[in-house]
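# Working through the structure, step by step
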Amino acid sequence: MTRPATAARRPTARTGAVLLTAATAAAWTWTALRRGDMGAGPAAGELSAFLGAWTIMMAAMMLPATAPVASLYARTAPAHRTPRLIAFTAGYLLVWAAAGLPAYALAAGAARVATAHPTAGTAVAAAVFALSGAYQLTPFKDVCLTRCRSPVGSLLHYASYRGPARHLRAGAHHGAFCLGCCWSLMLLLTAFGVMNLWATVGLAAVITAEKRLPRGRLLARAVGLASLALAIGVFWLPLLAPNLTGGGMTDMGLRGP
C-alpha cells in the first residue's frame, strides 16, 4: 500500500514542477519577443494591454524565486496537489497584476515629465534610484524578505484557511509579502525601461538570489547601496537611466505625446 501511494504522489509533484517551469519559460519567451512591440504612447485605452504585458513579465521575473514556496505549499496536502499549486500561483500573480496599476501611472507620468522637461528626467531618475536604494536598507524590507526566504511560518498559518478560495488566498498573502520585498527593485524599471530586457533579466536574477542564496540579505543591502550610488552617478552619466534621459523612451510604449 505504501509503495503504490508514494509512486502515485511523485508524478503529481513532478507535474507541478513541470507546469511552473513551462509557465516561466513561456513568460520569458513572450517578454523577449514582444519587448519592442508595445505601442507608441500611454493612452488610456492601452491600460489593459499594459496590465497584460506587466502580468506576463512579472510571471517571468517572479516565478523562479517563488516556485519552491508554491511547490512546498502544494506538498502540504496528500492529494490534489496540482490544483493547489495552480490556485496558489494564480493568487500570487493577481497581487502582482494589481501592482501594474500604480506601475503604469508612475512609468507614464515619469516618462511624460522627462519628455517635456529633459533636465527633469535626470532628477526623476535620481529620485527613483534613491528611493529604491533607501528602501532596500529598511527593516520593512528585511521583514518581507525573511518571510519570502523562510515561509514555513506562513505555511502553517495557511493551514487555517478554509473555503473554496483558500489556496488563492494563500497565494495572494504570500504575494503581498513578496510585493513588499521587491517593489523597490521593480521601481528601477521606471529608470531603465519597463520592457528593457537586460534590466528585466538582471533584476530577476537579483530577486531570485535575494530569496534563495544563503547571503541573500547581504545582497539586498549591497543592491541598496549600489542604487544610492546610481542616484548620484546619474547626474554625471544620464544614460544610467535611459528611459528617463532620452536613451530608451520607447520601452513599453511610455513615450509622451
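This text gives an overview of the structure that appears in the document. Since this is a predicted model, take the numbers as computed values, not measurements.

## Concerning the nonpolar core
Within soluble globular proteins, side chains that are nonpolar tend to cluster in buried spots. Judged by nonpolar contacts, the single largest core of 51 residues is most densely connected at W54, M61, M62, W96, F129 and M186. In terms of residues, this core owes the most to one element, helix α2 (residues 47-74), which gives 10 residues.

## Focus: the pattern of salt bridges
Going through the model one piece at a time under the given rule, you end up with 3 salt bridges. Between D142 and R221 there is a salt bridge; the shortest N-O distance is 3.9 Å. Taken together, the residues D142 in helix α6 (residues 139-149) and R221 in helix α11 (residues 216-233) connect sequence positions 79 residues apart. Classification of D142 as partly exposed rests on a relative accessible area of 26%. Of the residues examined, R221 reaches a relative accessible area of 40% and is grouped as partly exposed.

## Considering helix α10 (residues 197-212)
Counted at 1.5 Å a residue, the expected span for α10 with its 16 residues is 22 Å, and the 22 Å between its end C-alpha atoms agrees. The set of residues buried in α10 consists of L197, A199, T200, L203, A204, V206, I207, T208, A209, E210 and K211. The backbone nitrogen of W198 lies 3.1 Å from a side-chain oxygen of the residue at the head of α10, namely N196.

## Things to note about the side chain of T122
Positionally, T122 belongs in helix α5 (residues 118-136). Discounting chain neighbours no more than four positions away, the residues touching T122 are V234, F235, P238, L244 and T245.

Rules behind the numbers
Residues numbered from 1 in each chain as written. Predicted model: local features only at pLDDT ≥ 70, side-chain atom pairs only at ≥ 80, totals over all residues. Heavy atoms only, no water. Core = buried A, V, L, I, M, F, W, Y, C linked by side-chain atoms within 4.5 Å. Buried < 20%, exposed > 50% of the residue type's maximum accessible area, 1.4 Å probe, protein only. Helix = DSSP H or I, 4+ residues; strand = E, 2+ residues; numbered from the N terminus. Salt bridge = Lys/Arg side-chain N within 4 Å of Asp/Glu carboxyl O. Expected span 1.5 Å × (residues − 1). Polar contact = N/O pair within 3.5 Å; in protein donor to acceptor, adjacent residues only side chain to side chain. Contact = heavy atoms within 4.5 Å.

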